[in-house]
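# A structural walkthrough
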Amino acid sequence: MRIYLMISQDYSLIPETDLSEMKAELPESAQLHLLTETIHTRLTKEQLGVFDTIHALPFGDFSAVVELFKKLADSCDELHLTSHDEYIFETLGKTRDALASEGYKVHGFTHKQIAPFMNKVETKTRLGDLDIVPRFVRFDKAAYQVDSETYARDVVSKIGGFPLFCKPINLACSVGASKIETEEAFSRWCTQALRDDLEYEVDEFIPGDDLYHCDSIVKKGEVLWAQVSRYVYPCAWFGRSYPLGSYMLSSTDERAASLLEVNKIVLDRLAETAELPNAVTHLEAFRLPDGKWKFVEIAARAPGAWVKEAYLMAGGPNLEEQHYRLALGLDLKPSSTLLNAAGWIFY
């Protein structure tokens, strides 16, 4: 018997995802389980009925989660782990590796596979000398505490001067991001960064507002479907009362063709260090006035906000469902060229 364990904190399952249809396509006698903290309290009766078992555990209790994985692995022939929640990818990858090393038959992405899709510094490090990579430094809290003035000066020098763009290495939606324009402001930011448990990076600031995203379906290292959209304003501007939204570009648009090539370059370079996970990916990049690109980040999940809904309105694939189908080893639903264009916006 196989057990497929879907792991989610509180937002990763959406109503458009037909869980019952996917479960019916699993191997005979397979079970579908859900591990969550709170999402089971928000699912419909029909959605709850799809799961053979629901495990409600606090994700902060790491030992309890590990024990659950071991218990499930002991009770079946194969345990398959899958998640759409990037905030637990690191824990999930490391746990899968640890259990596999102990001889448990556990399937799912490895930590090496998923690391560049959840850690912005790891991504840029693996991309290496590609000219699309902005200058960056991992912020070393310990080094700053030893000699704050010298360390801050070295960071600014490596970035190439002000302004800087500081942000957590593993959060989304520009949460915790700051534009820093002076030495005094950088000193204040450093002092504040020491007060939390987050890890940060310091990047060169990319001027302008020409930000795009490219969403892809990736299986066995091959991009099976991709779509480029332009953000109305950069995501970081939302905190300054600008609207947040994006709209699709035609496949004949030169900007779309150019970013699709960048997307391929990024995925090909990441594949040099580890096999790409079978997943939906979400890449963001700035387009400079000269038409060149600067990479921002890439994630192994469907896009957030209302991007997924916009694709559905335009006749495109359900990227949430396609992501889970890839992780569960099921056949993908056909992804045809979009019949229409659509966009979305938050005020």
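On a predicted model such as this, the values are computed, not experimentally measured, just so you know.

### Side note on the overall build of the protein
Each helix and strand in the protein was counted, giving twelve helices and 15 strands. A compact globule built from 347 residues should have a C-alpha radius of gyration of about 20 Å, and the protein, at 21 Å, falls within 12% of that. Dimensions along the principal axes, computed over C-alpha positions, put the protein at roughly 60 × 50 × 40 Å. Looking at the 347 residues of the protein, the share that counts as buried comes to 50%. Here the analysis covers contacts within the protein between residues at least 6 apart in sequence; of these, 65% occur between residues at least 24 apart. Roughly 16300 Å² of accessible area belongs to the protein as shown, and the carbon and sulfur atoms make up 51% of that amount. Computed over 36 positive and 52 negative side-chain charges, the separation of the two mean positions in the protein equals 2 Å.

### Brief notes about the sheet that holds strand β6 (residues 136–138)
Within a beta sheet, neighbouring strands are joined by backbone hydrogen bonds and run either parallel or antiparallel to one another. The strand order across the open sheet formed by four strands is β6-β9-β7-β8, and the pairing between neighbours is antiparallel. Each edge of the sheet is formed by a strand with only one pairing partner; in this case those strands are β6 and β8 (178–180). Direction aside, the axes of adjacent strands within the sheet are offset by 25° on average. In this structure, β6 lies alongside strand β9 (residues 200–204), joined through three bridges in antiparallel fashion. In the sheet register, Arg 138 faces β9, and the bridge partner there is Glu 201. Of the strands in this sheet, β6, β7 (164–168) and β9 touch helix α8 (residues 148–159), which is tilted by about 150° from β6.

### Brief notes about the pairing of strand β14 (residues 293–299)
A large share of β14 lies buried, amounting to seven of its seven residues. Here six bridges tie strand β13 (residues 279–287) to β14, and the two strands are oriented antiparallel to one another. By the bridge assignment for β14, Ala 285 is matched with Phe 295. Between β13 and β14, which follow one another and run antiparallel, lie five residues, and Gly 291 among them has a positive phi close to 90°.

### Structural notes on the sheet that holds strand β5 (residues 106–107)
Taken in spatial order, the five strands line up as β3-β2-β1-β4-β5 in an open sheet, and their pairing is parallel. Each edge of the open sheet carries a strand with a single partner, namely β3 (53–56) and β5. In the sheet, strand β1 (residues 2–8) pairs with strand β4 (residues 78–83) via six bridges, with the strands oriented parallel. Bridge pairing in β4 places Tyr 4 opposite His 80. Lying over the sheet, helix α4 (residues 89–101) contacts β1, β4 and β5, oriented at roughly 165° with respect to β4.

Procedures and definitions
- Residues numbered from 1 in each chain as written.
- Predicted model: local features only at pLDDT ≥ 70, side-chain atom pairs only at ≥ 80, totals over all residues.
- Heavy atoms only, no water.
- Helix = DSSP H or I, 4+ residues; strand = E, 2+ residues; numbered from the N terminus.
- Rg over C-alpha atoms; globule rule 2.2 N^0.38 Å.
- Buried < 20%, exposed > 50% of the residue type's maximum accessible area, 1.4 Å probe, protein only.
- Contact = heavy atoms within 4.5 Å.
- Areas by Shrake-Rupley, 256 points an atom, 1.4 Å probe, with all protein chains shown as cover.
- Lys, Arg positive; Asp, Glu negative; His and termini not counted.
- Charge placed at Lys NZ, Arg CZ, Asp CG, Glu CD.
- Pairing = 2+ DSSP bridges.
- Axes fitted to C-alpha atoms, helices over the stretch in contact; angles between N-to-C directions.

All we've got here are geometric facts, nothing functional implied.
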